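Topology and contacts: notes
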Amino acid sequence: MKPSGWKYVLSAAVLLSTCTAGPAAGGKMKLLWQIGKADNDTAEFALGRGGYKEFGRDGFFIVGRSDPKRDWPYAHPGPADFWAGGRAHTFTVFFGLRKAGGRGRLVVDLVDTHGLRPPTLRIEVNGRAFEHRVPRGASDASILGKPSVGREHRFSIALPDGVLKEGLNEIAITNVGLSWVLYDWLGLEIDGSAELAAPEGALLRSARLVPWLSRKDGKLSQPLEVTLFCLGPSKGLTLHATGMAARKLDLAPGVSSIELRLPRAEAARAVTVELRRAGKTLAKRRFVQKPAAERRPVDYVDCLLGT
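So, here's what we can say about the structure. Chains are numbered independently. Their residues run from 1 in the order of the written sequence. With the structure being a predicted model, the display of local features is reserved for residues of pLDDT at least 70 and the display and counting of side-chain atom pairs for 80 or more, all residues being used for whole-chain, interface and lining totals. Hydrogens and water are ignored here; the side-chain numbers use all heavy atoms of the structure.

**Examining the overall build of the protein**
Counted only if it meets this: Numbering of helices and strands runs from the N terminus; a helix is a DSSP stretch of H or I covering at least four residues, while a strand is a stretch of E covering at least two. Radius of gyration here is computed from C-alpha atoms only, and the compact-globule reference equals 2.2 Å multiplied by the residue count raised to the power 0.38. Residue contacts are defined here by distance: any two heavy atoms, one from each residue, within 4.5 Å place the two residues in contact. Only the protein chains shown count as covering a residue, and every accessible area follows the Shrake-Rupley method with a 1.4 Å probe.
Across its full length, the protein holds one helix and 19 strands. Since a compact globule built from 307 residues should have a radius of gyration of about 19 Å, the 22 Å found for the protein is in line with a globular shape. Oriented by its inertia axes, the alpha-carbon framework of the protein measures out at about 65 × 55 × 30 Å. Pairs at least 24 residues apart make up 77% of the contacts formed inside the protein by residues separated by at least 6 positions. As displayed, the protein offers around 14300 Å² of accessible surface, 51% of which is attributable to carbon and sulfur atoms.

**Thoughts on the pattern of salt bridges**
Two side chains carrying opposite charge are able to pair once their charged atoms lie near each other. Worth spelling out the cut-off: In what follows, salt bridge is the name for a side-chain nitrogen of Lys or Arg lying within 4 Å of a carboxyl oxygen of Asp or Glu.
Taken as a whole and assessed by the stated rule, the structure comprises 17 salt bridges. When the shortest N-O distance is used, the salt bridge between Arg261 and Glu259 registers 3.4 Å. With a shortest N-O distance of 3.1 Å, Arg276 and Glu274 are connected by a salt bridge. Salt bridges linked by common partners bring Arg57, Arg70 and Asp71 together as one network.

**Quick notes on the layout of surface pockets**
Gaps left between atoms are located by rolling a probe of water-molecule size over the structure's atoms. In plain terms, the rule: Only protein atoms enter the 1 Å grid, on which a cavity is a set of points fitting a 1.4 Å probe that cannot get out and a pocket is an open set with protein on both sides within 12 Å along at least 5 of 7 lines, lining residues being those with an atom within 4 Å of a point. Grid points are joined across faces, edges and corners, and a volume is the space filled by probe spheres set on the points. Under the scheme applied here, ten amino acids are nonpolar (Ala, Val, Leu, Ile, Met, Phe, Trp, Tyr, Cys and Pro), four are charged (Asp, Glu, Lys and Arg), and all others, including Gly, are polar.
A volume near 750 Å³ is recorded for the largest pocket. Forming the walls of the largest pocket are 29 residues, and the residues nearest its centre are Lys165, Leu168, Leu203, Leu282 and Ala283. Secondary-structure elements contributing two or more residues to the lining of the largest pocket are β6 (120-125), β9 (167-177), β12 (201-209) and β19 (280-289). Counting residues per element, the lining of the largest pocket draws most heavily on β19, at six residues. Classifying every residue of the lining of the largest pocket by side-chain character gives twelve nonpolar, six polar and eleven charged.

**So, the nonpolar core**
Heads up, the condition is: Buried residues of nine kinds, namely Ala, Val, Leu, Ile, Met, Phe, Trp, Tyr and Cys, make up a nonpolar core once their side-chain atoms join them within 4.5 Å. Summary of the burial criterion: residues with accessible area below 20% of their type's maximum are buried, those above 50% are exposed, and those between are partly exposed, where the area comes from a 1.4 Å probe applied to protein chains only.
If you look at the biggest cluster of nonpolar residues, it comprises 40 residues, and the most contacted ones within it are Trp33, Phe95, Leu164, Ile171, Tyr183 and Leu188. Elements supplying a minimum of two residues to this core: β1 (30-36), β4 (89-98), β5 (104-113), β6, β8 (153-159), β9 and β10 (181-190). A total of six residues in this core trace back to one element, the largest contributor, which is β10. In terms of nonpolar packing, the next biggest core, distinct from the first, is built from 20 residues, Leu239, Leu262, Val271 and Ala283 among them.

**Overview of the packing of aromatic side chains**
For clarity, the cut-off: To pair, rings of Phe, Tyr and Trp, with the six-membered ring standing in for Trp, must have centres within 6.5 Å; the planes then decide the type, stacked if under 30 degrees apart, edge-to-face if over 60, and tilted in the middle.
Inspection of the entire model under this criterion finds ten aromatic pairs. Centre to centre, the rings of Phe61 and Trp72 are 6.2 Å apart; their planes meet at 80°, and the pair counts as edge-to-face. Of this pair, Phe61 sits in strand β2 (residues 60-62) while Trp72 sits in the loop between α1 (68-71) and β3 (75-76), and the two are eleven residues apart along the sequence. Here Phe61 falls in the buried class, since its relative accessible area comes to 1%. Grouped by ring-pair contacts, the aromatic residues Tyr52, Phe55, Phe61, Trp72, Trp83, Phe91 and Tyr183 constitute a single cluster.

**Brief notes about the side chain of Asp71**
Following the sequence through the fold, Asp71 ends up in helix α1. The contacts of Asp71, once residues within four sequence positions are left out, are Arg57, Gly59, Phe60, Phe61 and Ser66.

**Description of the side chain of Ser142**
Note on placement: Ser142 falls in the loop between β7 (128-133) and β8. With sequence-adjacent residues up to four places away left out, Ser142 is seen in contact with Arg49, Asp112, Pro147, Val149, Gly150, Trp180 and Leu182.

Note that all results are geometric; they support no functional claim without further evidence.
Pasting the structure below:
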């Protein structure tokens, strides 16, 4: 099995639409931020040029605070790379915007990709997901420390108006299969009046309705598991769900999990979960709550366990 290599460049908004565009393609968009250099090299990133075997954690970058040499590994491994745990890896970028509006474009320039098992990249920008399959690269020499022999692949992700938002934004790039890619640089271009702001705020990452009823305080209700991410102060944040009173939040920096208890549904009904600050909606999720039953002991049995 070939080794895998990776390289990283900071990202701010990533939706996947493929095209071969450079940092200033079209001439109308301005480059809002950029991580890495357009030099077909990986030396400016963590573990670059050839330290992929020392991979220990996924890229986690806060624009304006993080250092690519420390926080963004040069190689992004995939599930086929057992030197990195043999699983999908997600590299995440956070950035703040003021005066958000207009279209954007995430430009990704790769030094090389795996020569036999080029991966599929799943890119989510503020919850909007896109996928891009990269072509085969050159050889393992690029990940081993010779990026100059790599086969460059450049693509861009078109971000329609409304994807980027005022406040905190998140881009998550997941290598869902097969093997590694190496970054040269990536950056965000915009054609609107958006400007970089302090990367502070909160994000509603997910809201999952447990498909069973359970008892709490002697009453049957349906758990709603909400995952939030916070950077900076959480003052003024509230969480809202249809049919429930607003819940004030006091979040620690990082990821937080909160459980809400929805009244049991007698018939299918629409439920909206909203994260607000000072009455302004930051994010929302919608789903349908259907009638459910209380979970019985037999429901915990996994008939396939041990097969």
